[in-house]
Amino acid sequence: MKPRHFLTLRDITSDEYRNLIQRAIELKAMLRACKPHAPLQYKTLGMVFEKSSTRTRLSFEVGMIQLGGQAVFLSPRDTQLGRGEPIEDTARVISRMVDIIMVRTYEHEKLERFASHSNVPVINALTDLYHPCQLLADMQTFFEHRGDIKGKTVAWIGDGNNMCHSYMNAADLLGFRLNIAAPEGYLPNPDVMHAADADIQLYDTPEEAAKGVDLVVTDVWSSMGQEDEAFDRKLAFKDYCVSENLMAKAKPDAIFMHCLPAHRSEEVDAAVIDGKQSVVWDEAENRLHSQKALLEMLMA
Ligand code: CP
Ligand code: NVA
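Residues numbered from 1 in each chain as written. Chains lettered and ligands numbered in written order. Predicted model: local features only at pLDDT ≥ 70, side-chain atom pairs only at ≥ 80, totals over all residues. Heavy atoms only, no water.

K.L.:
Would you explain the side chain of N161 in this entry?
P.N.:
Tracing the backbone shows N161 in the loop between strand 5 (153-157) and helix 6 (162-174). Accessibility expressed as a relative area gives 6% for N161, which makes it buried. A polar atom in the side chain of N161 sits 3.1 Å from the backbone nitrogen of M163. In this view, N161 contacts W156, D219, V220 and S223; residues no more than four positions away in its chain are not counted. (Helix = DSSP H or I, 4+ residues; strand = E, 2+ residues; numbered from the N terminus. Buried < 20%, exposed > 50% of the residue type's maximum accessible area, 1.4 Å probe, protein only. Polar contact = N/O pair within 3.5 Å; in protein donor to acceptor, adjacent residues only side chain to side chain. Contact = heavy atoms within 4.5 Å.)

K.L.:
Sorry, what's going on with the site of ligand 1 here?
P.N.:
Ligand 1 sits among S53, T54, R55, T56, R104, H131, Q134, C259, L260 and R287. Within the contact set of ligand 1, an oxygen atom lies 2.7 Å away from a backbone nitrogen or oxygen of T54. Calculation on ligand 1 without its partners gives an accessible area of 260 Å², and the protein chains cover 95% of this total. Residues of the shell around ligand 1, tallied by class, amount to 2 nonpolar, 5 polar and 3 charged. (Near = heavy atom within 4 Å. Areas by Shrake-Rupley, 256 points an atom, 1.4 Å probe, with all protein chains shown as cover. Nonpolar A, V, L, I, M, F, W, Y, C, P; charged D, E, K, R; others polar.)

K.L.:
Where do I start with the pairing of strand 6 (residues 177-181) in this structure?
P.N.:
Consecutive residues of a regular strand have side chains that alternate between opposite faces of the sheet. Counting buried residues in strand 6 gives 4 out of 5 residues, a clear majority hidden from the surface. Bridging between strand 5 and strand 6 involves 5 bridges; their strand directions are parallel. When the sheet's bridge partners are listed, V154 is paired in strand 6 with L178. One crossover worth recording links strand 5 to the parallel strand 6 by way of helix 6, and it is right-handed. Alignment of strand 6 against strand 7 (residues 200-203), held across 4 bridges, turns out to be parallel. In the strand pairing of strand 7, N179 is matched with Q201. Taken together, strand 6, helix 7 (residues 190-195) and strand 7 form a β-α-β motif whose crossover is right-handed. (Pairing = 2+ DSSP bridges. Right-handed = clockwise from strand over helix to strand, strands pointing away.)

K.L.:
Hey, could you run me through the sheet that holds strand 9 (residues 255-258) in this one?
P.N.:
Across the sheet, 5 strands lie side by side as 7-6-5-8-9; this open sheet has parallel pairing. Only two strands of the sheet have a single partner each, and these edge strands are strand 7 and strand 9. Across the sheet, the mean angle from the axis of one strand to that of its neighbour is 20 degrees, orientation sign disregarded. Bridge analysis of strand 8 (residues 215-218) against strand 9 gives 4 bridges, and the strand direction is parallel. By the bridge assignment, T218 is partnered in strand 9 with H258. Most of the contacts of helix 5 (residues 132-146) go to strand 9, to which it runs at about 165 degrees, and overall it touches strand 8 and strand 9. Seen against the sheet, helix 6 touches strand 5, strand 6, strand 7, strand 8 and strand 9 and runs at an angle of roughly 160 degrees to strand 6. (Axes fitted to C-alpha atoms, helices over the stretch in contact; angles between N-to-C directions.)

K.L.:
How should I be thinking about the environment of E244 in this particular structure?
P.N.:
Relative to the assigned elements, E244 resides in helix 10 (residues 244-247). Taking C-alpha positions, E244 is 17 Å from V154, a pair spaced 90 residues apart along the chain. Ignoring sequence-local partners within four residues, the contact set of E244 consists of A271 and V272.

K.L.:
Looking at this model, I keep getting lost on the packing of helix 5 against helix 6. Mind explaining?
P.N.:
Packing of helix 5 against helix 6 brings their axes to within 9 Å, and their N-to-C directions diverge by 55 degrees. Compared by their axis directions, helix 5 and helix 6 come out oblique. With respect to the hand of their crossing, helix 5 and helix 6 are arranged in right-handed fashion. Seen from helix 5, the contacting residues are P132, Q134, L135, D138, M139 and F143; seen from helix 6, they are M163, S166, Y167, A170 and L174. Among the residues making up the contact of helix 5 with helix 6, the classes are represented as 8 nonpolar, 2 polar and 1 charged. (Parallel < 35°, antiparallel > 145°, perpendicular 65-115°, else oblique. Left-handed = near helix turned anticlockwise from the far one by under 90°.)

Any functional reading would require information beyond the geometric quantities listed.
Dropping the structure here:
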């Protein structure tokens, strides 16, 4: 039987997405109540990281420990992946020894090749094109603070990047409207946008996109792998900082999210990310709970 992968949010249904959110909220409450829950005893997660990480690595590793299993960290620096062993061979070997694998890499196509040669479920822990695990946590956070997101409006301010693409998928599955303000040359991938059966609008300015929304989201201007473009990007994005003035265009009870790491005074002002509308620390913590729900689901 073919394993069930989670490479984009398109690999789950709307019902499964909502169930994962509810389960994550439940697992969080169980953890707070010190209720042991270890269904993954003797199970191992392989973690392949070709890019840096704080939250993703920690949340998967701690999540596996809490569920009774183990996690093994693998980086190209000290594996044969960094010395050119083909991704297909690596996938075949790792998947013979572990029960589930998460991969953080550059090209999305590389992740797809890895998954197609794996005997066990593969999770996308970020590619250049998508970051679906972050969207599990973001939506759990919205549901906890404001209830169901169906019918609400989200403003994406900044780069049309991997996070933006996963927001488009989430808008489709959960039924929210997505306003996007990205500078010319940094718009989201049109194929991803057109594949989403959702109400997605592009705006010329952040102010227009943020008007009357329930949630404002942004991300770094230069993603991992784009370090050489940082100078040009700073110029292109200079009017795309989420400031208190911009937040004032949203609904008075709007919340602010950022997947982190953040650059204060670039994509977001300190007054916003450290202010009362920001839910970024809950959002970061929820990576743990939502991925535990995902691990449970894929290994059921
Ligand atoms: N948000 C996120 O994925 O953070 P890390 O890069 O630290 O894993
Ligand atoms: N867009 C960012 C997200 C980091 C979690 C990146 O890809 O670097």
